[in-house]
Amino acid sequence: MNDAQPSLHRLTVVDIDAVSALARVVWQATYPPLISQAQIDAMLADRYAPARVREQLDDPGHAWWVARQDPALAGFAHAIRDETGCKLDKLYVHPAQQRRGIGAALVRAVEDWARRQQARHLWLQVNRGNTQAIRAYEKYGFQIVASRVFDTGNGFVMDDHVMERVL
Ligand SMILES: CC(C)(COP(=O)(O)OP(=O)(O)OC[C@H]1O[C@@H](n2cnc3c(N)ncnc32)[C@H](O)[C@@H]1OP(=O)(O)O)[C@@H](O)C(=O)NCCC(=O)NCCS
């Protein structure tokens, strides 16, 4: 049941810190059963470093969105254009706001952007143990196309499914 009506916007510099803080909240609610705290800390520091996100905001090959819910940040998404498609690199919704259609609304925004980039498919990586996200992605039309271990740097790996959907 979609009882939330989030407003979706492209991320701007003023919300970078709020996105990093929300990422920490969602990661701590999601990943402790799946990866170590050291890996969570290292990946958050790497992927949400304000300077890195700021650079991505200036890069037309990257796009970030935030979803607001009265008026707090409820979720965000990040997509990256690649050679033949687009990678949905991040999709996170606050634990208290999950399962209200916010993830679906963010994915629709990503799909629209990817189509405008002439991408033919959208793909992503998801931890093989992240059943909730895998179910959500299946609901959004993605299918598992591969499963493998990815080196994420600093001596850490992710045991992921690769999922894909045609646009
Ligand atoms: C995965 C995620 C982004 C989905 O966003 P969401 O706003 O909660 O999802 P939606 O409301 O769009 O629901 C889509 C579908 O996902 C599935 N789903 C979502 N949460 C679920 C849960 N707790 N249990 C089972 N299925 C669930 C359902 O099929 C749902 O459809 P339904 O409610 O009509 O049955 C969100 O749950 C999340 O942030 N999870 C933690 C972070 C994460 O794992 N991100 C993905 C990293 S790769």
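Look up a bit, the structure's there.
Conventions we followed
- Residues numbered from 1 in each chain as written.
- Predicted model: local features only at pLDDT ≥ 70, side-chain atom pairs only at ≥ 80, totals over all residues.
- Heavy atoms only, no water.
- Helix = DSSP H or I, 4+ residues; strand = E, 2+ residues; numbered from the N terminus.
- Near = heavy atom within 4 Å.
- Polar contact = N/O pair within 3.5 Å; in protein donor to acceptor, adjacent residues only side chain to side chain.

A. Examining the environment of A136 more closely. Within the secondary structure, A136 sits in helix 5 (residues 131–139). A C-alpha to C-alpha distance of 17 Å links A136 and A79, two positions 57 residues apart in sequence.

B. Region of interest: the site of the ligand. Taken together, 23 residues lie near the ligand, and G101, G103, N130, K139 and Y140 sit nearest. One nitrogen or oxygen atom from the main chain of R99 is found 2.7 Å from an oxygen atom belonging to the ligand. A104 places a polar main-chain atom, nitrogen or oxygen, 3.0 Å from an oxygen atom of the ligand. For the shell around the ligand, the secondary structure elements donating two or more residues are helix 1 (16–30), strand 4 (86–93), helix 4 (102–116), strand 5 (121–127) and helix 5. No other element matches the six residues that helix 5 contributes to the shell around the ligand.

C. Summary view of unusual backbone geometry. The residue R99 is not glycine, and still its phi comes out positive at about 65 degrees. Structurally, the position occupied by R99 is in the loop between strand 4 and helix 4. Of note in this structure, N154 is not a glycine but carries a positive phi near 55 degrees. Looking at the element boundaries, N154 is found in the loop between strand 6 (143–153) and strand 7 (156–166).

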